[in-house]
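If you want the building blocks of each chain, they are given just below.
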Amino acid sequence: MSSERKDHKNRPGAASNRLWGGRFAATPSEIMQAINASIFFDSRFYAQDIRASIAHVKMLGDRNIVTKGETRKIVGGLNKIRQEIEKGDFSFDPALEDIHMHVEARLTELIGPSAGKLHTARSRNDQAVTDFRLWVRDAIDKIDPALRDFQEALLDQVATHAETILPGFTHLQIAQPVTLGHHLMAYVEMAGRDRSRLRDCRKRLNESPLGAAALAGTPYPIDRGQTAQILGFDRPMRNSMDAVSDRDFALDYLSALAIAATHLSRLAEELILWASAPFGFITLSDRLSTGSSIMPQKRNPDAAELTRAKTGRINGALIALLTVMKGLPLAYSKDMQEDKEPVFDATDSIELCLAAMTAMIADLNVNKEAMLDAARAGYSTATDLADWLVIELGLPFREAHHVTGRIVKRAEERNCRLDELPLSEMQAVDGSIHKGVYSVLSVENSVKSRRSLGGTAPVKVRAAARTARKEFL
Ligand code: ARG
């Protein structure tokens, strides 16, 4: 019996599970182990797990729930385990289910039975979600600077291209000329909101579930405020059942990532269009495009295409977790173990997409001539003409719209641009039009005139970029 016990201790999982197997006679079947194990992915938060365990045992020591000597031994063992994992000196075994049980099992090997005191006044339910909150918080703290770098790359291009003119589209039809700086500033704004969403999410997630124990709290005289404080949380969560079963923080985070990825996918799509031959607005750098194995002339925007596509994975992660959580009764259910992979995958994907888009923007090779030619096509200053008829000749806008339509038709017939149409042609439509009209018909003057707040005029774009630099960088 005693040798069997010893064997049992040294080979966790061999008979029944050592950490929860007290009332189990038989070992779990292979399929049970396979579906149950989360170690393949939750080993990713070993550092957060060890950090939270150290905070917990320090509190237990201060509250005399474990002795000072035990606390020291446990903290020493936990630090050693962290080093072992970091050096790759740690073996992972699916029989031990998850990172929490791995750490505890190894701690037992290192310091003996006093390792078992670490789990006093806590459960894996509050432990797992504490680790996960810490992990998501760390992820936000990495994504925010990546979004900032993205904004900086955009703002550098805005400075270069405050006056570069390209067509602005609605319905992907040429609408009105805009500046490239103005167009890129739109993405600076989007990224600013993405960062603000992540900040909001961080604020809400920064409460500690630790000490909620399995679901109902614990009879030990613990100090949840202390562990919250050690772990950098603003306060303990107020309700123990909510603490162990809430995954709003992960949903908040994934929805912020889904929106950010959606922004990146729109930029990616524009770069793909702009790099295509019919547009020819930009040339992709060699570093950020690939060739074709069969068509030697090709330069493919794969990084942008993959960014566009990975948005699907990130949006999918949000839907996956919403669907896991939907209809789950309180409090913890094993379903919630499925919270982690979508979050990890979405995090990896957004980091890659941000790096790719930042590099593509930094390397942007702009073909100003092609942009300008396109901006001049499609009667893009027709609105300027209508506005001139209103402002200069006092026509009601509806009538001005109609007159402009007839002038555009004449230009179409002569196959020329509006600023190339002879005055006599315009006067044939409305006799009071005079040569002053030409001042608004060039794309240059068109963008210059749009000086309203948030408009595309180069002076406005430069001012907006200055404000954005102060606010975001
Ligand atoms: N690996 C588990 C998870 O991530 C830990 C919690 C297990 N709790 C339990 N009562 N079986 O959700």
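Overview of the structure. Here the structure is a predicted model, which means the values were calculated and not measured.

Attention now goes to the overall build of the chain. The secondary structure content of the chain amounts to 19 helices and six strands. Expected size for 473 residues packed as a compact globule is a radius of gyration near 23 Å; at 31 Å, the chain overshoots this value by more than 25%. Counting all 473 residues of the chain, 49% fall into the buried class. Restricting the contact set of the chain to residue pairs at least 6 apart, pairs at least 24 apart contribute 74%.

Time to look at the site of the ligand. In the region of the ligand, the neighbouring residues are Ser 38, Asp 42, Asp 98, Arg 124, Asn 125, Ala 128, Tyr 332, Gln 337 and Lys 340. Ser 38 places a side-chain nitrogen or oxygen 3.4 Å from a nitrogen atom of the ligand. Here Asp 98 contributes a side-chain N or O atom positioned 2.8 Å from a nitrogen atom of the ligand. Burial of the ligand by the protein amounts to 84% of the accessible area it has alone, namely 340 Å². Considered class by class, the residues forming the shell around the ligand number two nonpolar, three polar and four charged.

This paragraph deals with the pattern of salt bridges. Considering all chains together, one arrives at 32 salt bridges under this definition. The shortest N-O distance in the salt bridge between Asp 384 and Arg 450 comes to 2.8 Å. With a gap of 66 residues between them, Asp 384 in helix α15 (residues 382–393) and Arg 450 in the loop between α18 (443–449) and α19 (458–472) connect regions that are remote in the sequence. Linked through salt bridges whose partners overlap, the residues forming this network are Lys 80, Glu 84, Arg 106 and Glu 109.

Evaluated as defined, the whole model comprises nine aromatic pairs. Ring centres 6.3 Å apart and planes at 40 degrees place the aromatic pair Phe 45 and Phe 132 in the tilted group. Of this pair, Phe 45 sits in the loop between α3 (39–42) and α4 (46–62) while Phe 132 is found in helix α7 (residues 124–160), placing the two residues 87 residues apart along the sequence. When its relative accessible area of 1% is taken as the criterion, Phe 132 is described as buried. Both rings, one in Trp 274 and one in Phe 281, keep their centres 6.3 Å apart while their planes meet at 45 degrees; by these two values the pair is tilted. The exposure class assigned to Phe 281 is buried, which follows from its relative accessible area of 2%.

Moving on: the state of the cysteines. This model, assessed by the stated rule, comprises zero disulfides. Cys 201 takes part in no disulfide bond, and the closest cysteine sulfur, belonging to Cys 353, lies 19 Å away. For Cys 201, a relative accessible area of 1% translates into the label buried.

A few words on the environment of Glu 30. As for its position among the elements, Glu 30 is in helix α2 (residues 30–36). A relative accessible area of 72% means that Glu 30 is categorised as exposed. Residues Glu 30 and Ala 139 lie 109 residues apart in sequence; the distance between their C-alpha atoms is 34 Å.

What counts, and where the lines are drawn
- Residues numbered from 1 in each chain as written.
- Predicted model: local features only at pLDDT ≥ 70, side-chain atom pairs only at ≥ 80, totals over all residues.
- Heavy atoms only, no water.
- Helix = DSSP H or I, 4+ residues; strand = E, 2+ residues; numbered from the N terminus.
- Rg over C-alpha atoms; globule rule 2.2 N^0.38 Å.
- Buried < 20%, exposed > 50% of the residue type's maximum accessible area, 1.4 Å probe, protein only.
- Contact = heavy atoms within 4.5 Å.
- Near = heavy atom within 4 Å.
- Polar contact = N/O pair within 3.5 Å; in protein donor to acceptor, adjacent residues only side chain to side chain.
- Areas by Shrake-Rupley, 256 points an atom, 1.4 Å probe, with all protein chains shown as cover.
- Nonpolar A, V, L, I, M, F, W, Y, C, P; charged D, E, K, R; others polar.
- Salt bridge = Lys/Arg side-chain N within 4 Å of Asp/Glu carboxyl O.
- Phe/Tyr/Trp six-rings, centres within 6.5 Å; stacked < 30°, edge-to-face > 60°.
- Disulfide = S-S within 2.5 Å.

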